[in-house]
Amino acid sequence: MDFAFTEEQKMFQTMVRDFCASEIEPYAAEWDETDKFPHETYRRMADAGLCGVHFPEKYGGSGDEVTFTIASEEISRASAGLGVAYLVSLGLGMYPVVMHGSEQHKSHYIPRVIDGSIVAFGLTEAMAGSDVAALETKYGRQGDYYVLNGTKIFISNAAEADFVTTFATRDKSLGYRGISAFVVDKGAKGFSVGKMEKKMGLHPASVAELIFDDCKIPVANMLGEEGRGFKIALEGIDASRVSIASQALGIAQAAYDAAVAYAKERKQFGAELARLQAIQWMIADMATEIDAARLLTYRAAWLAKTEGRAPPKEAAMAKLFASEAAHRVCHKAVQVFGGYGYTRDFPVERYYRDQRITEIYEGTSEMQRWTIARQVLGTK
Ligand SMILES: Cc1cc2nc3c(=O)[nH]c(=O)nc-3n(C[C@H](O)[C@H](O)[C@H](O)COP(=O)(O)OP(=O)(O)OC[C@H]3O[C@@H](n4cnc5c(N)ncnc54)[C@H](O)[C@@H]3O)c2cc1C
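1. Digging into a nonpolar patch on the surface
- Together, Met1, Phe3 and Leu295 line one region of the surface with nonpolar side chains, adding up to about 470 Å² of accessible area.
- Note that phenylalanine 3 resides in the segment before α1 (7–23).
- For phenylalanine 3, a relative accessible area of 65% translates into the label exposed.

Shown next, in the form of structure tokens:
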């Protein structure tokens, strides 16, 4: 058994870390404060080769799911808001294209993402959250076009996306069998961005409605076979759980680093906080939880690399544990900082806010537990 990164992976991690230390981390608090998406920085990420790290070489990509996980962890450690834009663009938004798209879809869309295009994944609706199959956005065929009607809510990257992968039903009475997957380009007639959400965290990345109002797209924009959209959506979500685990891990690592540094510096009762056993125990718990989350996350990434896709149980375990561990780690980090941790003068309150969504999106913790239990018990 080998738990270590290869030399190549270590070099890649160092390169991403250096990039994040100079280009992302110094600006993360400002982006959080102003809710601004850093387009220029995202362009520099693409120029540095970070946007191709798990796509097939045939389409200009390099690396694999492990390198993607390394990049996603490091970027999220520096700015989880930029991290979500990155991992949805390369992961969740693109899995339907990579896993089910035609040759034409892949050769058209993958190079665009490698070049810095931003992608959104439009699945959730007002009445279809955890219960994905309840979606109501409709599609129908008109000659060489499909016409989409409906509204998606809570869509990450909605305002910035150059194109979106999305899902609609031909006939709601068909249940999950009526759902198909599509790719819709920004600027398509009848496609617009609606209400922007004011969120607790991840401020640089937009979350908004996607509105399809008689939106006409060529029939060639259907991804995979007609009626397979539910499966395509779930497979994409399964795969992308590993990247959410890595995002949670990155946030937890940032909170832990900040807490360790502060504990060594801040003095009370004539000595550093680090000398107090109460603080030492918190630091020990944080270190242990991060290690356990890292092992589960990279095991899932390694399985995705070696088996071609992340097994649902291992991906769900990684996402469940890493996100809840990040919750506990960020909670303790604020505690180590005391009152200062509650202010915006220090980054731990941002980590605390940014972390929370990792327990909710791409399947809540309850849905992860359900997935794991179904695999373990063999129930439906
Ligand atoms: C910031 C943000 C970004 C997002 N980005 C995207 C995106 O890019 N694309 C996209 O499509 N969606 C996105 N979402 C939507 C997100 O995936 C959903 O919010 C999430 O899946 C939960 O759905 P819901 O909010 O409708 O909650 P609900 O499904 O209403 O759940 C509410 C509560 O009930 C529990 N619950 C529901 N069903 C069960 C069950 N069967 N068993 C046990 N407990 C259950 C849930 O765990 C939760 O605690 C985003 C949401 C947010 C807030």
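2. Describing the pairing of strand β5 (residues 179–185)
- The buried count for β5 comes to 6 of 7 residues, which makes it a mostly enclosed element.
- Bridging between strand β4 (residues 163–169) and β5 involves 7 bridges; their strand directions are antiparallel. Each residue of the ladder has a partner; that of phenylalanine 163, found in β5, is aspartate 185.
- Judged from the 2 bridges that link them, β5 and strand β8 (residues 222–223) form a sheet pairing that is antiparallel. Its bridge partner lying in β8, phenylalanine 182 is registered against methionine 222.

3. Regarding the site of the ligand
- As a matter of local geometry, the ligand sits amid 18 residues, with Phe121, Thr124, Ser130, Thr364 and Glu366 nearest to it.
- Surface burial for the ligand is 64%, taken as the share of its 980 Å² of free accessible area covered by protein chains.
- Here the ligand occupies the largest pocket.
- Only β3 (145–156) and α12 (365–377) provide two or more residues apiece to the shell around the ligand.
- Formed jointly, the shell around the ligand draws a minimum of three residues from each of two domains, domain 2 (120–227) and domain 3 (231–377).

4. Observations concerning the domain arrangement of the protein
- Assigned domains of the protein: these are domain 1 (7–114), domain 2 (120–227) and domain 3 (231–377).
- Between the C-alpha centres of domain 2 and domain 3 there is a distance of 30 Å.
- Opposite the 11 residues of domain 2 that make contact, domain 3 presents 11 residues.
- When domain 2 packs against domain 3, the two sides together hide about 910 Å² of surface, and 75% of this comes from carbon and sulfur.
- The largest contributions to the domain 2 side of the interface with domain 3 come from Ser130, Met200 and Leu202, which together make up 51% of the buried area.
- In the side of domain 2 that touches domain 3, the residues fall into 7 nonpolar, 4 polar and no charged.

5. A word on the packing of aromatic side chains
- Throughout the structure, instances matching the rule amount to 15 aromatic pairs.
- Pairing tyrosine 176 with phenylalanine 230 gives two aromatic rings, centres 5.2 Å apart and planes at 45 degrees, and the pair type is tilted. Here tyrosine 176, found in the loop between β4 and β5, pairs with phenylalanine 230, found in helix α8 (residues 229–265); they are 54 residues apart in sequence, far enough to count as distant.
- Between tyrosine 340 and phenylalanine 346, the ring centres sit 6.0 Å apart and the planes meet at 75 degrees, which makes this aromatic pair edge-to-face.
- Here phenylalanine 346 falls in the partly exposed class, since its relative accessible area comes to 27%.
- Grouped by ring-pair contacts, the aromatic residues Tyr262, Phe337, Tyr340 and Phe346 constitute a single cluster.
- Arginine 374 extends its terminal NZ or CZ atom over the ring of tryptophan 370, reaching a point 4.9 Å from the ring centre.

About the cut-offs
Residues numbered from 1 in each chain as written. Predicted model: local features only at pLDDT ≥ 70, side-chain atom pairs only at ≥ 80, totals over all residues. Heavy atoms only, no water. Patch = residues over 30% accessible without salt bridge, like charges linked within 9 Å, V, L, I, M, F, W, Y side chains within 5 Å. Areas by Shrake-Rupley, 256 points an atom, 1.4 Å probe, with all protein chains shown as cover. Salt bridge = Lys/Arg side-chain N within 4 Å of Asp/Glu carboxyl O. Helix = DSSP H or I, 4+ residues; strand = E, 2+ residues; numbered from the N terminus. Buried < 20%, exposed > 50% of the residue type's maximum accessible area, 1.4 Å probe, protein only. Pairing = 2+ DSSP bridges. Near = heavy atom within 4 Å. 1 Å grid on protein atoms, 1.4 Å probe; cavity = no way out; pocket = protein on both sides within 12 Å on 5 of 7 lines; lining within 4 Å. Sits in = over half its atoms within 2 Å of the grid points. Domains from an automatic or database assignment. Contact = heavy atoms within 4.5 Å. Buried area = accessible area lost by both parts, 1.4 Å probe. Nonpolar A, V, L, I, M, F, W, Y, C, P; charged D, E, K, R; others polar. Phe/Tyr/Trp six-rings, centres within 6.5 Å; stacked < 30°, edge-to-face > 60°. Lys NZ or Arg CZ within 6 Å of the ring centre and 35° of its normal.

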